[in-house]
Amino acid sequence: MSELMIFERKEQAVASSRTVAKDFKKQHQHVTQSIENLISENSLVKSMFEKTTYLTERGREYKEYIMNRDGFSLLVMGFTGKEALEWKLKYIHAFNTMESIIRERQSTEWLLTRKQGKLIRRNETDVLAELAEYATQQGSKNMGKQVYQIYTKLVNSLVGIEKGGRETAPFKTLSVIMFLEDMILNTVRQEMKNRTYYKEIYRKCKENGEAVMRFAYLPSTPSLTA
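Residues numbered from 1 in each chain as written. Predicted model: local features only at pLDDT ≥ 70, side-chain atom pairs only at ≥ 80, totals over all residues. Heavy atoms only, no water.

Section: the packing of helix α6 (residues 143–159) against helix α7 (residues 171–193)
Put simply, α6 and α7 touch, their axes get as near as 10 Å, and they point 140° apart. Between α6 and α7, the angle is such that the two are oblique. Seen along the crossing, α6 lies across α7 with a hand that is right-handed. Taken together, the residues of α7 that come into contact with α6 (itself represented by Y151, L154, V155, L158 and V159) are T173, V176, I177, L180, E181, I184 and V188. A class-by-class count of the residues in the contact of α6 with α7 yields 10 nonpolar, 1 polar and 1 charged. (Axes fitted to C-alpha atoms, helices over the stretch in contact; angles between N-to-C directions. Helix = DSSP H or I, 4+ residues; strand = E, 2+ residues; numbered from the N terminus. Parallel < 35°, antiparallel > 145°, perpendicular 65-115°, else oblique. Left-handed = near helix turned anticlockwise from the far one by under 90°. Contact = heavy atoms within 4.5 Å. Nonpolar A, V, L, I, M, F, W, Y, C, P; charged D, E, K, R; others polar.)

Written as structure tokens, this is what we have:
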């Protein structure tokens, strides 16, 4: 999988001049020069590009530009050929997808669900802290340090998102995450009362989560990469 084509910056879908250069098989310095030519020709273009820098593995600093959809469209207008057209279509799809995610995330419904989910997650964190101590008492040497990551990874894998993907997850996915974490919270709490072995608690949470996902019918995770 290639690096991310489109990402969010200041509530806008944007692309990097470096990624554009790589995908369209251009030298990055030529792409940045084209951008600067566009800016010099018309001052209105400046708002479509944000100049920034990046560091190489050797610690050297170079300039790059972050561009919104309009800036991207102006830049690649002159890129011709069959392969260039294919990449233009891929970028249009990626921009559309990210803009849809941003719009949904700004909706009242999404914001309320995310807020409720964070409250449940806070309660879940407290219970998992108890589980860490509980597992240590049962002989675990690593669970205390990893319990939070283990259960977060479980939920993310069940709904099919990567680490950090909750901020761009669709409303329905957030709703299922909230349900799963509430289930884990209550399962862990009850099983500790029952003195269940800590590894068996995880197995039960995973089994219950898989049962939930058989009926969740989540939308496919939108791709923002080539």
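Having put the structure on the table, let's press on.
Some words on the sheet that holds strand β3 (residues 49–55)
Taken in spatial order, the 4 strands line up as β1-β2-β4-β3 in an open sheet, and their pairing is antiparallel. Two strands bound the open sheet, and with one partner strand each, they are β1 (7–9) and β3. Neighbouring strand axes in the sheet, compared pairwise and without regard to direction, differ in orientation by 45° on average. Packing against the sheet, helix α3 (residues 69–76) makes contact with β2 (12–16), β3 and β4 (61–67), and its axis sits at approximately 105° to β4. (Pairing = 2+ DSSP bridges.)

Regarding the pairing of β4
As paired strands, β2 and β4 are joined by 2 bridges and run antiparallel to one another. From the neighbouring strand, A15 faces β4, where its bridge partner is M67. With 7 bridges joining them, β3 and β4 adopt antiparallel strand pairing. What sits directly across from E50, in β4, is I66.

Section: the side chain of T196
Structurally, T196 is set in the loop between α7 and α8 (198–213). The exposure class assigned to T196 is buried, which follows from its relative accessible area of 13%. Sequence-distant contacts of T196, defined by excluding residues within four places in its chain, comprise Y134, Q138, E191 and I201. (Buried < 20%, exposed > 50% of the residue type's maximum accessible area, 1.4 Å probe, protein only.)

Points about the packing of aromatic side chains
Following the criterion strictly, the structure yields 9 aromatic pairs and no others. Judged by centre distance (4.7 Å) and plane angle (20°), the ring pair of F72 and Y91 falls under stacked. Of this pair, F72 sits in helix α3 while Y91 sits in helix α4 (residues 82–105), and the two are 19 residues apart along the sequence. Judged by centre distance (5.6 Å) and plane angle (45°), the rings of F72 and F95 are tilted. Here F95 lies in helix α4 and F72 lies in helix α3, a separation of 23 residues in the sequence. (Phe/Tyr/Trp six-rings, centres within 6.5 Å; stacked < 30°, edge-to-face > 60°.)

Topic: the side chain of S140
Within the secondary structure layout, S140 lies in the loop between α5 (108–137) and α6. Given the relative accessible area of 9%, S140 is considered buried. A distance of 3.5 Å separates a polar atom in the side chain of S140 from the backbone nitrogen of N142. In this structure S140 touches A135 and Y198, once residues within four positions along its chain are discounted. (Polar contact = N/O pair within 3.5 Å; in protein donor to acceptor, adjacent residues only side chain to side chain.)

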